[in-house]
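# Summary of the model geometry
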Amino acid sequence: EFKKYFGISSIRQRIEELKTSYLISLHHNWFPIDFELDPLFDFHFANPNDVLLPSNHSKFVSLTAANFTPGYFKPNEETKTWDILTIQRSADFKRPFKAMETIRQLYDEGHFLKVLMIFPMKRVCDEGDIGLNIEKTYESLFTLEEKRFFTLLNPTANYPFPFERSELAQFYSSSRSFVHFAQDETRGRLSAYAFASGLPVVGHKCIASTLSSNLQTAPTFYEVRN
């Protein structure tokens, strides 16, 4: 995707023309970075530890979008509605079905925690899109009584961002913990919002990448080790 856009000569020429008056930076939005960094960019919003290939020519600002969490996300003393908040989308690496299975296991063991799972869905799904099956899985795995404890909120409008961040913050402020099921996501904004909101976060080690090493432990972060 990177080469598809920045390899086009007309786009590249326009960026190079801008460089006479501006410094040009790139925010990668996904880590780790597994391709050679293009010298077209003067610096990168990325931690150099997230770059897998040599990049001696590049300069870094070790911050990403996850470090710029709006002030809506902050600790508060509001009454909590949900014990667990998890936010998914139609992507395999987010592991929404693992979230369903885990909640099913909790209930089988008698732990009827109040859970809110926000799962934005495409209004029209392509064949094979996991969004087609997530609602069916919810209906098949949980009884009507159990759904009193487990709320699946799956809006289709304005996919994949049905809520403004100020609205999204209200779900965080009404929850006691945040659980992230991805195994290979780093510097994610959803977990950053939870850390900023003062919620304990449960997830694999990569989820804590926005935190300094001394904070990557309870009660801020609970690492899943299996």
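Anything mentioned here points back to the structure above.
What you see is a predicted model, and the numbers here were worked out from it, not measured in a lab. (Residues numbered from 1 in each chain as written. Predicted model: local features only at pLDDT ≥ 70, side-chain atom pairs only at ≥ 80, totals over all residues. Heavy atoms only, no water.)

Relative to the elements of secondary structure, F97 occurs in helix α3 (residues 96-108). For F97, a relative accessible area of 26% translates into the label partly exposed. For the pair F97 and V124, spaced 27 residues apart in sequence, the C-alpha to C-alpha distance is 20 Å. F97 has contacts with I130, N133, I134 and T137, leaving out every residue within four places of it along the chain. (Helix = DSSP H or I, 4+ residues; strand = E, 2+ residues; numbered from the N terminus. Buried < 20%, exposed > 50% of the residue type's maximum accessible area, 1.4 Å probe, protein only. Contact = heavy atoms within 4.5 Å.)

Attention now goes to the layout of surface pockets. In this structure, the largest pocket spans a volume of roughly 780 Å³. Along its surface, the largest pocket is lined by 30 residues, and R89, K94, F161, R189 and L190 are the ones closest to its centre. Looking at the lining of the largest pocket, the elements with two or more residues in it are α5 (165-173) and α6 (189-196). Empty space within the second largest pocket amounts to approximately 440 Å³. Surrounding the second largest pocket, 18 residues form its lining, T102, V179, F181, V202 and V224 being those nearest its centre. (1 Å grid on protein atoms, 1.4 Å probe; cavity = no way out; pocket = protein on both sides within 12 Å on 5 of 7 lines; lining within 4 Å. Points joined across faces, edges and corners; volume = space filled by probe spheres on them.)

What follows is about the pairing of strand β6 (residues 150-153). Across the two faces of β6 the burial differs, with F150 and L152 buried and T151 and L153 not buried at all. Sheet topology places strand β5 (residues 115-118) next to β6; 4 bridges connect them, and they run parallel. What sits directly across from L116, in β6, is T151. (Pairing = 2+ DSSP bridges.)

It is worth spelling out α3 at this point. With 13 residues, α3 extends 19 Å between its outermost C-alpha atoms, agreeing within 8% with the 18 Å of an ideal straight helix rising 1.5 Å per residue. Of all the residues in α3, the buried ones are P96, A99, M100, I103, R104 and Y107. Buried positions in α3, seen along its axis, are confined to an arc of 135° and lie on one side of it. Phi turns positive one or two residues past the end of α3, at G110, with a value near 90°. (Expected span 1.5 Å × (residues − 1). Arc of directions from axis to C-beta.)

With that out of the way, let us pick up the nonpolar core. Counting residues in each nonpolar core, the largest one holds 22 residues, and the members touching the most others are L85, I87, L168, Y172 and F178. Of all the secondary structure elements, the ones that give two or more residues to this core are β4 (84-87), β5, α5 and α6. The contacts of L168, once residues within four sequence positions are left out, are F73, I87, I118, F163, L190 and Y193. Listed in part, the 16 residues of the second largest apolar core include I103, V115, M121 and L152. (Core = buried A, V, L, I, M, F, W, Y, C linked by side-chain atoms within 4.5 Å.)

Strand order in the open sheet formed by 3 strands is β1-β2-β3, with parallel pairing between adjacent strands. Edge positions in the sheet fall to β1 (25-27) and β3 (60-61), since each of these pairs with one other strand and no more. As judged from the 2 bridges shared by strand β2 (residues 43-45) and β3, these two strands associate in the parallel manner. Residue pairing in the sheet places F45 in a bridge with V61 of β3.

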